[in-house]
Each structure stands twice: as structure tokens, then as C-alpha cells.
Amino acid sequence: MRSNTKSVLSFYLQMILAWIIAIMLYIFLRSYGVGSEGIDSPIRELEPRQLLLMIILIGAFAGVVYGSIELLFDRPFFQRRSYIRIIMGKLILFFIAVKIMMAIAILVTQVFTNAALEPGEIAQILRSKIYWVVFVYFLVVAGIISFVRMVSQKFGPGILWKMFIGKYRNPREELRVFMFLDLRSSTTIAEKLGHIKFSRLIQDCFADLTPVIKKHAVEIYQYVGDEAVMSWPVESGLEDNHCIHCYFDYMEVLASKSDHYEKTYGLRPFFKAGVHLGKVIVAEVGLIKREIAYHGDVLNTTARIQGMCNAYEEQLLVSDHLVQSLYPDDLLQSKRMGEELLKGKKTAVTVHAVNRA
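Residues numbered from 1 in each chain as written. Predicted model: local features only at pLDDT ≥ 70, side-chain atom pairs only at ≥ 80, totals over all residues. Heavy atoms only, no water.

### Remarks on the packing of aromatic side chains
Stage number 1. Enumeration according to the criterion identifies 15 aromatic pairs in this entry.
Stage number 2. Aromatic side chains Y137 and F138 sit 6.2 Å apart centroid to centroid with 70° between the ring planes, which places their arrangement in the edge-to-face category.
Stage number 3. With 6.2 Å between their ring centres and 45° between their planes, F206 and F271 make a pair best called tilted. Within this pair, whereas F206 is found in helix α9 (residues 195-208), its partner F271 is found in strand β4 (residues 271-285), the two being separated by 65 residues in sequence. (Phe/Tyr/Trp six-rings, centres within 6.5 Å; stacked < 30°, edge-to-face > 60°. Helix = DSSP H or I, 4+ residues; strand = E, 2+ residues; numbered from the N terminus.)

Set out below in C-alpha cells:
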């Protein structure tokens, strides 16, 4: 819960900062650009402190309103809809929100400039060209921020920024935690449901993974068929034992929606997982469909640990190296299952079964 609250607060702060920057850019263009004379010209007469405070107030309000709209459309109900429906829904709410923000901006500007406007003057402002210039500017800013968020979600949290700054243009070594999450009895389920209905099941399962991803700061590396490959930088993966609680929280989400899965697919999906910690090489690959790729033995080992779940009849298997790195946690219980010489490895790997009390 604490991590989820921090994530939401961080998102609102990002939105507020984005809108403050957008308003600063607008005032700069109006003050020094073409057509600087207009209904907002009294703003230039404000003292720097007054101007900054006014910008922060308007930006904070715009960021909260806009951020709330974005969070609304992040809910699973909307995320299952087509992009065109999401965009149209956002545009309608953005239009209403920008109208409200414009009205608030006019009121705040009156307070800071001591310009008491008569109803007739306000009506004149609402019909003026500059009003519609500002209105379109705010709408475009909202659209740009929304587009950037959609692209960021396409790549995964934090990946777009890393690609933008070229962090992995040259391969580099990192210590990371990996989890391979796989649907149990997937072949049998696919034969029972058929390919189309099975694909819809996978869509639903991974859609229900979304709130867990956000709560536990997960980076999705790949979706491969009915398997999700998840990753964390070692610090965030071990913080609050995110890399372990992530799995159990996901199982709770699926259990809470068991009626939906029973009614729609005639079954309750269950995932098994393997988790491991180690060094990988991270590099940006490809010119078309560019992405971040991980190379190293850690991924192969994690996949093979996950593959042992059926043999041990356990839901979550974790390497000894990771178990030794976890923080003390009364909610977690681990049981040493033994050493296994995994295929392709010369040294045995000790695995533990982990459960939550």
C-alpha cells in the first residue's frame, strides 16, 4: 500500500511539474513573442515572486485535474478498450477540464493583478482570439503529455526515458532480479479453450497484472506466449521484498476475480514462477523496433528454476542467492528444496520454495 501511494504521489508531482513548465513556456512566448499585447499583458507587470506563485498555483491545479483524468483511464475497464475509444474519451474530458482550468486561470490572474473584471469583460474574454489561443495551447499540451504516457506504457515504466538519454547505447553490466511468470497447465488449457479464447484468457490475466506492476515497481521485459518476464534493478527489487510479494499479490488479484474466470473460461488461472538474482549485460538493440535487451546466464537460470515448479509441486521457487539477499520478513516463509544441476550449468543451484503466511 505504501509503495502504491508513493507511486500515485510521484505521478501527480510529475504532472504538476509538466504543467508548470508548459505555463512558463506560454508566458515566455506571450511576453517575448509575436502578439505580446492582449488580455494577458497585465501578467508581465507582476513581480517575479508573484508571477512564480501564480504559475505554481495554476500548474498545481492543472496537474491534479489532468493527472486524475489519466489515472481514471489507467483503470482496467478502460485499458481493455480500443485506443480510439480511449483517445476519444480523454479528448472529451480534456475539453471540459481545459474549460475549467481556463476559468480558474482567469480568476487567479485577477487576484494577482488586482484586476476586477465586470461580467461583460469576462464575456468579452471568453469570445476573444487570445482565449482560444490559450485554450488550444492547453489542449495540445494535454494531448502531448497523454501521447508520451501511452508511448512510455508501450515500452514499459522508465524504459522510454532510458532510451531517450541513450543509457544503454553502449552495453553495460547491471545487477538485476528476474522473475519468470508462467501459466500452469497452459497446453491443456489451450486445447480445452481453443486458440482464440485462450488468447483472450492471456489478455485478461496480463491485464490483471497491471496494478501489481505499478505497486511493486516492476519492469516488464517480455511477454512470451503465456509467460511474462519481469525485472527489477536490484535495489528496487529487494526493497520491501517487492520481487517476492509481487507474485503473491498477483495470485490474490486472480483469486479475487475467480468468479469472472470461472464464468468466462470455466477455470481459475494459476501461475507458477521462478526468481533469481545476478549480473546481466544490458544493451539497446535494433534500429527498427528498438528495445532494451538483457544478455546473460541469469535469464537462463531463472527460466530453468521456474521450470522446476512442477517437479517440486511448488508455486514459487527462488534461488539461494536471492533468498540470502531478502530482507527479514515475517510474512514470508522459505523451505530449502535441495541442489539441482540445471541443464547447461556446471555447478549446482540451490533452490528454495517460498510461501506467504
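### A closer look at the packing of helix α8 (residues 186-193) against α9
Stage number 1. At a minimum axis distance of 6 Å, the contact between α8 and α9 shows a crossing angle of 125°. Between α8 and α9, the angle falls in the class oblique. Here α8 and α9 pass one another in a crossing that is right-handed. Each of S186, I189, A190 and L193 in α8 lies in contact with α9, whose residues at this interface are H195, K197, F198 and L201.
Stage number 2. Classifying every residue of the contact of α8 with α9 gives 5 nonpolar, 2 polar and 1 charged. (Axes fitted to C-alpha atoms, helices over the stretch in contact; angles between N-to-C directions. Parallel < 35°, antiparallel > 145°, perpendicular 65-115°, else oblique. Left-handed = near helix turned anticlockwise from the far one by under 90°. Contact = heavy atoms within 4.5 Å. Nonpolar A, V, L, I, M, F, W, Y, C, P; charged D, E, K, R; others polar.)

### Quick notes on the side chain of S319
Stage number 1. Among the structural elements, S319 can be located in strand β6 (residues 316-319).
Stage number 2. What makes S319 buried here is its relative accessible area of 1%.
Stage number 3. Ignoring any residue separated from it by four or fewer positions in sequence, one finds S319 in contact with V275, H276, L277, I305, T350 and H352. (Buried < 20%, exposed > 50% of the residue type's maximum accessible area, 1.4 Å probe, protein only.)

### Things to note about the nonpolar core
Stage number 1. L181, L201, L209, M230, I244, Y250 and L322 are the most contacted members of the largest nonpolar core, which totals 45 residues.
Stage number 2. The element contributing the most residues to this core is helix α12 (residues 242-256), with 9 residues.
Stage number 3. Setting aside residues up to four positions removed in sequence, Y250 forms contacts with L181, C205, F206, D208, L209, V212 and F271.
Stage number 4. Listed in part, the 35 residues of the second largest apolar core include I58, I69, A105 and I145. (Core = buried A, V, L, I, M, F, W, Y, C linked by side-chain atoms within 4.5 Å.)

### A closer look at the side chain of S186
Stage number 1. Residue position: S186 is located in helix α8.
Stage number 2. Of the polar contacts made by the side chain of S186, one reaches the side chain of D226; its length is 2.9 Å.
Stage number 3. Excluding residues within four positions of it along the chain, S186 makes contact with F198 and D226. (Polar contact = N/O pair within 3.5 Å; in protein donor to acceptor, adjacent residues only side chain to side chain.)

### Topic: the pattern of salt bridges
Stage number 1. If you walk through the whole model with that rule in mind, you get 14 salt bridges.
Stage number 2. The partner of R169 in a salt bridge is E284, and the shortest N-O contact between them spans 3.4 Å. Here the residue R169 occupies a position in the loop between α7 (159-164) and β1 (172-183), and E284 occupies one in strand β4, the gap between them amounting to 115 residues.
Stage number 3. By relative accessible area, R169 is classed as partly exposed at 49%.
Stage number 4. Given a relative accessible area of 11%, E284 falls into the buried group.
Stage number 5. Among the charged side chains, a salt-bridge network with shared partners connects K215, D249, E252 and R356. (Salt bridge = Lys/Arg side-chain N within 4 Å of Asp/Glu carboxyl O.)

### A short note on unusual backbone geometry
Stage number 1. A positive phi angle, close to 55°, is found at A217, a residue other than glycine.
Stage number 2. In this fold, A217 is placed in the loop between α10 (210-215) and β2 (219-224).
Stage number 3. Judged by relative accessible area, which is 41%, A217 ranks as partly exposed.
Stage number 4. Unusually for a residue other than glycine, D240 sits at a positive phi of about 55°.
Stage number 5. By secondary structure assignment, the location of D240 is in the loop between α11 (234-238) and α12.
Stage number 6. With a relative accessible area of 37%, D240 lands in the partly exposed category.

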